[in-house]
Structure formats: C-alpha cells, structure tokens
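# Close look at the chain arrangement
Spelled out from the first residue to the last, the chains are:
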Amino acid sequence: MTEREPEVVWEPCDDGPLLVRGARVWTDGDGVEHPVTRPVVAICRCGGSALQPWCDGSHKHLRRS
C-alpha cells in the first residue's frame, strides 16, 4: 500500500496571510523551497514579514490604502 499525498488547501485571510493546510513544502516566488513542518502555515502576502515567506503579523501594522 502506498502513502497518499495529503490534500493541500489554500485559504486567503481578509487583509492577512494565506493559510496553507497539508503542504510538505512551500516554494516561494524565487523558486526556493521551504520545508513545512506544521499542519497549517501562514504565508505572508503583504511583503512586510521579517520571516519571509512566513507571516509574522506585520500586516496588522501596515496602513491600508
């Protein structure tokens, strides 16, 4: 019996990160692969995180236009 790959689910949060469930790796825009070690990770969408590609909550302090 072979192990099935988990289903990867993406959920954008209003004015916040992209929540990704079930991924084993996240490939950023530069093609760099980041291992995923948690069942759910938050991917930065605002560009302000110091922990790229992961969200660190910086979006809460950015001005919305």
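The structure reproduced in this document is the subject of the present report. (Residues numbered from 1 in each chain as written. Predicted model: local features only at pLDDT ≥ 70, side-chain atom pairs only at ≥ 80, totals over all residues. Heavy atoms only, no water.)

### Quick look at the overall build of the chain
The secondary structure content of the chain amounts to zero helices and five strands. Reading the secondary structure of the chain in the N-to-C direction produces β-β-β-β-β. By principal-axis analysis of the C-alpha atoms, the chain measures approximately 50 × 25 × 15 Å. Counting over 65 residues, the chain shows a buried share of 26%. Sequence-distant contacts, at least 24 apart, represent 19% of the contacts inside the chain between residues at least 6 apart. With the model as given, the accessible surface of the chain reaches about 5300 Å², and the carbon-plus-sulfur share is 50%. The distance from the centre of the 8 positive side-chain charges to the centre of the 10 negative ones in the chain is 8 Å. (Helix = DSSP H or I, 4+ residues; strand = E, 2+ residues; numbered from the N terminus. Buried < 20%, exposed > 50% of the residue type's maximum accessible area, 1.4 Å probe, protein only. Contact = heavy atoms within 4.5 Å. Areas by Shrake-Rupley, 256 points an atom, 1.4 Å probe, with all protein chains shown as cover. Lys, Arg positive; Asp, Glu negative; His and termini not counted. Charge placed at Lys NZ, Arg CZ, Asp CG, Glu CD.)

### Quick notes on the environment of Pro39
Along the polypeptide, Pro39 turns up in the loop between strand 4 (33-35) and strand 5 (40-43). C-alpha separation for the pair Pro39 and Glu7, spaced 32 residues apart in sequence, amounts to 11 Å. What Pro39 contacts, discounting residues up to four positions off in sequence, is Val20, Arg21 and Gly22.

### Concerning unusual backbone geometry
Here the residue pair Gln52 and Pro53 is connected by a cis peptide bond, since its omega of 5 degrees sits within 30 degrees of zero. Along the chain, Pro53 turns up in the segment after strand 5. Its identity is not glycine, yet Asp15 carries a phi of approximately 55 degrees, on the positive side. When you line up the elements, Asp15 lands in the loop between strand 1 (9-12) and strand 2 (18-21).

### Comments concerning the state of the cysteines
Inspection of every chain in the model, using the stated rule, returns zero disulfides. Cysteine Cys44 shares no disulfide, and the gap to the nearest cysteine sulfur, in Cys46, comes to 3.8 Å. (Disulfide = S-S within 2.5 Å.)

### Comments concerning the nonpolar core
One finds Leu18, Val20, Ala23, Trp26, Val36, Val41 and Ile43 forming the largest nonpolar core, which totals seven residues. Elements with a minimum of two residues in this core: strand 2 and strand 5. Once residues lying within four places of it in the same chain are set aside, the contact partners of Trp26 are Trp10, Leu18, Val20, Val32, Glu33, His34, Val36, Ile43, Pro53 and Trp54. (Core = buried A, V, L, I, M, F, W, Y, C linked by side-chain atoms within 4.5 Å.)

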